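Examining the three-dimensional arrangement
Chain by chain, the residues:
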Amino acid sequence: MSDPAYPHLHPVMRPWADATAQVRIRNIRTDRWLGYARAEAALAAMDDLLTFPKRTRMPNLLLVGASNNGKTMIVEKFRRAHVSGGETDPRGGAIAVPVLKVQMPPAPSERRFFSAVLEALGAPDRSNEQLAAKQDMAMRMLRATDVRMLVIDEVHNILSGSRDQQRRFLNLLRWLGNELQIPLVAVGTSEALRAIQSDDQLANRFTPFSLPPWRMDQEYQRLLNTLEAMLPLREPSNLSDPPFAQKLLSAADGILGEVVSLVTAAATAAIEAGEERIRMEKLDDIGFMPPQERRRVAG
Ligand SMILES: Nc1ncnc2c1ncn2[C@@H]1O[C@H](COP(=O)(O)OP(=O)(O)OP(=O)(O)O)[C@@H](O)[C@H]1O
Ligand SMILES: [Mg+2]
């Protein structure tokens, strides 16, 4: 067999390399999943929880990491991998939802939390209802749809409430786990960790799983290779070459989302300029502002 065209690309991307500039730019701008060891480990830990037998004290997970570092992508991937095939629950006739993901409302209001649960289940939510009625309805729906894992994203929002609200909400989390006997996966920044750890009983039920900032190492270089192989440029850019990788890492402040947006912006700019690879010198030209600087400007 002869060498394939575009050996630097992942086999599924090779046919894309011959597409027009416009088509390729669209492709580059589409979100794609990049596997990396820490994410695979997080997915495996969640799988482990999902198969855990029901018992009074269910183990929980707290996925912690800086903003924009891939937390939501992981739980979203997990949720999608566990969408039911549409089989209905024998008890309620509702479609089973094995993994339910909700967002913690901007303030820790129990009513708004249960509204979020009902909304995520596609259930009618009468917004003016009292907490008790809403909670009742949400709990019934959670059981009827056979939810086996509850993922709560943006859990650090708990901290935006008063001390009293925070305490009530943490109690609610503990109660939910006991009542449903399903594992909870909380997702948030290190502030979330602080919120959970402020409650002794919750602290020892939630195992923290961190997504640390990226460092210059093999895993990071592997990520760059994976990313490069997914971008339909006709020539290799060699992003994982140490000087190039280091430059990207500093510009991105070690944050995955920043690495991805920087590289995809550079890939788009390259195609627009009629070039077929990303050149390190070009990184400075694309108007990318490193996160620290952006914060400074915004602050
Ligand atoms: N596994 C991945 N594959 C490809 N791109 C990813 C991956 N993880 C993260 N990204 C990129 O990083 C961006 C941010 O990821 P994500 O939304 O998961 O961050 P987050 O940790 O949930 O941030 P926040 O705390 O602000 O909600 C994504 O929009 C995507 O572009
Ligand atoms: Mg997120």
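Here the structure is shown first, and the text comes after it.
What comes next concerns the included structure.

Cut-offs and rules
Chains are numbered independently. Their residues run from 1 in the order of the written sequence. Chain A is the first chain written and ligand 1 is the first ligand written, with later ones labelled in order. Local features in this predicted model are restricted to residues whose pLDDT is 70 or higher, and side-chain atom pairs enter the listing and the counts only when it is 80 or higher, whereas totals over whole chains, interfaces and linings include all residues. Only hydrogens and water are set aside when side-chain values are computed; all heavy atoms of the structure are taken into account. Note on method: axes are straight lines fitted to C-alpha atoms, helices fitted across the in-contact stretch only, with angles between N-to-C directions ranging 0 to 180 degrees. For helices the rule is a DSSP run of H or I covering at least 4 residues; for strands it is a run of E covering at least 2, with both sets numbered from the N terminus onward. Note on terminology: angles under 35 degrees are roughly parallel, angles over 145 are roughly antiparallel, angles of 65 to 115 are roughly perpendicular, and the others are oblique. Contacts are residue-level and defined by heavy atoms, with any inter-residue pair within 4.5 Å sufficient. One heavy atom within 4 Å of a molecule or strand makes the whole residue count as near it. For the purposes of these results, a polar contact is taken to be a pair of N or O atoms within 3.5 Å, where, inside protein, one atom must be able to donate a hydrogen and its partner to accept one; residues adjacent in sequence count only when each atom of the pair is a side-chain atom. Only the protein chains shown count as cover for residues, with accessible areas throughout obtained via the Shrake-Rupley method and a probe of 1.4 Å. When residue character is reported, Ala, Val, Leu, Ile, Met, Phe, Trp, Tyr, Cys and Pro are called nonpolar, Asp, Glu, Lys and Arg charged, and the others, Gly included, polar. Domain extents, as shown, originate in an automatic or database domain assignment. Burial classification: accessible surface area is computed with a 1.4 Å probe over protein chains only, and a residue below 20% of its type maximum counts as buried, one above 50% as exposed, and the rest as partly exposed. In this scheme, strands are said to pair when DSSP sees at least two bridges between them. Centre distance within 6.5 Å is the pairing criterion for rings of Phe, Tyr and Trp, where only the six-membered ring of Trp is used; planes under 30 degrees apart are then read as stacked, over 60 as edge-to-face, and the remainder as tilted.

Focus: the packing of helix α1 (residues 21–29) against helix α11 (residues 256–272)
For the pair α1 and α11, interaxial distance at closest approach is 10 Å and the crossing angle is 175°. With respect to α11, the element α1 is oriented roughly antiparallel. Between α1 and α11, the residues in contact are Ala21, Arg24, Ile25, Ile28 and Arg29 and Thr264, Ala267, Thr268, Ile271 and Glu272, respectively.

Comments concerning the site of ligand 1
Contacts to ligand 1 come from 17 residues, most closely from Leu34, Ser67, Asn68, Lys71 and Thr72. Here Arg32 contributes a backbone N or O atom positioned 3.3 Å from a nitrogen atom of ligand 1. A distance of 2.7 Å is found between an oxygen atom of ligand 1 and a side-chain nitrogen or oxygen belonging to Thr72. A total of 630 Å² of accessible area belongs to ligand 1 in isolation, and the protein chains cover 82% of it. Secondary structure elements with two or more residues in the shell around ligand 1: α3 (71–81) and α11. A per-class count over the shell around ligand 1 returns 7 nonpolar, 6 polar and 4 charged. Counting contributing residues per domain, the shell around ligand 1 is built from domain 1 (14–24 + 215–298) and domain 2 (37–211), each supplying no fewer than three.

Focus: the pairing of strand β1 (residues 60–65)
Looking along a regular strand, one sees the side chains alternate between the two faces of the sheet. In terms of burial, β1 is a largely internal element, 6 of the 6 residues being buried. Residues Asn60, Leu62 and Val64 line one face of β1 and the alternating positions Leu61, Leu63 and Gly65 line the opposite face, and both faces are buried. In the sheet, β1 pairs with strand β5 (residues 206–211) via 6 bridges, with the strands oriented parallel. Bridging from a neighbouring strand, Leu63 pairs with Phe209 of β5.

With respect to the packing of aromatic side chains
For the coordinates displayed, the defined rule picks out 4 aromatic pairs. With 5.3 Å between their ring centres and 85° between their planes, Phe113 and Phe169 make a pair best called edge-to-face. With Phe113 in helix α4 (residues 110–120) and Phe169 in helix α6 (residues 163–180), this pair connects stretches of sequence that are 56 residues apart. Residue Phe113 shares its accessibility class with Phe169, and that shared class is buried. Seen from their ring centres, Trp214 and Tyr220 are 6.4 Å apart, and the 55° between their planes marks the pair as tilted. Clustering of aromatic rings is evident, with ring pairs tying together Tyr36, Trp214 and Tyr220.

Read these as geometric descriptors, not functional statements.
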